[in-house]
Amino acid sequence: VKAAKVAALSNVPRSGQTCAMGANCCSGNEVSGNQADVSDSLARPALPQQEEVVPKAAAAKDESKSSPKEWTVNLVKEEGSRLGIDVDLADSIVMKVDAINPGLLNDWNKAHPDSVVKAGDKIISVNGVKGTATEMADVCKKDKTLELVVQRD
């Protein structure tokens with residue numbers, strides 16, 4: 001607030017004078033045409049609402065906590081090839097990966113470093129079959145082409 005504008009107001013307490021907290025120093029009828037209330041001169045335009053910006057790293061961290069990561073692995077078995085995977089069927093709904101051994105899945109991991117399958121991951125679907133670990137294991141044994149949906153918590 002410019003000092004000249006404040007000084008132009010009548011009935012504004014001067015040095016040494018006091019007003020009770022919250023009291024109006026001048027009422028509306030005491031303001032002349034060329035004067036303005038101090039609060040009018042302090043009025044500021046409302047700032048537009050801004051959306052909260054979340055850094056990508058923080059968003060990714062939150063996302064990883066809220067939902068498991070899921071991806072697809074495509075393998076083609078050749079005569080004499082091995083999948084190279086030990087799984088635990090005890091869950092009965094998913095095949096939990098116990099170990100990765102030499103074979104097709106190990107080759108996949110080397111070729112796809114961003115989609116590596118490792119111990120602790122869960123295979124939740126094989127060629128569209130899901131919900132029964134033993135059925136998924138049977139598909140792995142008999143089908144030549146495999147589409148595994150893998151999940152990591």
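On a predicted model such as this, the values are computed, not experimentally measured, just so you know.

> Looking at this model, I keep getting lost on the overall build of the protein. Mind explaining?
The secondary structure content of the protein amounts to five helices and six strands. Within the protein, buried positions represent 22% of all 153 residues. Long-range contacts, defined as pairs at least 24 residues apart, comprise 57% of the intrachain contacts of the protein with a sequence gap of at least 6.

> Could you clarify how one ought to interpret the nonpolar core in this entry?
Proteins that are soluble and globular tend to have nonpolar side chains buried together. Ranked by size, the top nonpolar core spans 21 residues in total, and within it Val 73, Leu 75, Met 95, Ile 123, Val 126 and Leu 148 carry the most contacts. Those elements that provide at least two residues to this core are strand S1 (69–76), strand S3 (95–100), helix H4 (104–111), strand S4 (122–126), helix H5 (133–142) and strand S6 (145–152). If near-sequence neighbours (up to four positions away) are discounted, Met 95 is found in contact with Val 87, Asp 88, Leu 89, Asp 121, Lys 122, Ile 123, Val 126, Ala 133, Met 136, Ala 137 and Cys 140.

> Is there a simple way to think about the pairing of S6 in this case?
Within a regular strand, side chains alternate between the sheet's two faces. The sheet contact formed by S1 and S6 spans eight bridges and is antiparallel. Opposite Thr 72, over in S6, you have Val 149 as the bridge partner. Bridge count for S4 against S6 is four bridges, and the pairing is antiparallel. What sits directly across from Ile 123, in S6, is Val 150.

> What's the story with the confidence of the model for the protein in this structure? I'm lost.
Low pLDDT marks regions whose predicted coordinates should not be analysed in detail. Model confidence for the protein is summarised by a mean pLDDT of 76, while 57% of its residues fall at 70 or above. Here residues 1–13 scores under 50 on pLDDT; set against residues more than four positions off or in separate chains, the count is 21 contacts. In the predicted structure, residues 37–41 sits below a pLDDT of 50 and forms three contacts with residues beyond four places in sequence or in another chain.

> Can you walk me through the side chain of Ser 125 in this structure?
Relative to the assigned elements, Ser 125 resides in strand S4. In contact with Ser 125, not counting residues within four places along its chain, are Lys 130, Met 136, Glu 147, Leu 148 and Val 149.

> Honestly, the environment of Asn 74 in this entry has me stumped. Any pointers?
Its location among the elements puts Asn 74 in strand S1. Judged by its relative accessible area of 46%, Asn 74 is partly exposed. Taking C-alpha positions, Asn 74 is 8.9 Å from Val 149, a pair spaced 75 residues apart along the chain. Setting aside anything within four residues of it in sequence, one finds Asn 74 in contact with Trp 108, Leu 146 and Glu 147.

> Help me out: how do you make sense of the packing of aromatic side chains in this one?
For any two aromatic rings, the description comes down to two numbers: the centre-to-centre distance and the angle of the planes. Overall, the coordinates contain zero aromatic pairs when judged by the stated rule. Taking the ring centre of Trp 71 as reference, the NZ or CZ of Lys 69 above it sits at 5.1 Å.

> I tried to follow unusual backbone geometry on my own but got confused; where do I start?
Note: most peptide bonds trans; most residues except glycine with negative phi. Even without being glycine, Ser 92 reaches a positive phi, approximately 70°. Tracing the sequence through the fold places Ser 92 in the loop between strand S2 (85–88) and S3. Taking the relative accessible area as the measure of exposure, Ser 92 reaches 42% and is therefore partly exposed.

> Help me understand H4, please; the structure alone is not making it clear to me.
For the α-helix, the turn length of 3.6 residues means that residues three or four positions removed from each other point alike. Buried within H4 are the following residues: Leu 104, Leu 105, Trp 108 and Asn 109. Buried residues of H4, seen end-on, are gathered within an arc of 145° and therefore sit on one face of the element. Exposed residues pointing more than 90 degrees away from the buried face of H4 are listed as Lys 110 and Ala 111. Tucked into the core, H4 has its buried residues touching S1, S2 and S3.

Procedures and definitions
- Residues numbered from 1 in each chain as written.
- Predicted model: local features only at pLDDT ≥ 70, side-chain atom pairs only at ≥ 80, totals over all residues.
- Heavy atoms only, no water.
- Helix = DSSP H or I, 4+ residues; strand = E, 2+ residues; numbered from the N terminus.
- Buried < 20%, exposed > 50% of the residue type's maximum accessible area, 1.4 Å probe, protein only.
- Contact = heavy atoms within 4.5 Å.
- Core = buried A, V, L, I, M, F, W, Y, C linked by side-chain atoms within 4.5 Å.
- Pairing = 2+ DSSP bridges.
- pLDDT = per-residue confidence, 0-100.
- Phe/Tyr/Trp six-rings, centres within 6.5 Å; stacked < 30°, edge-to-face > 60°.
- Lys NZ or Arg CZ within 6 Å of the ring centre and 35° of its normal.
- Arc of directions from axis to C-beta.

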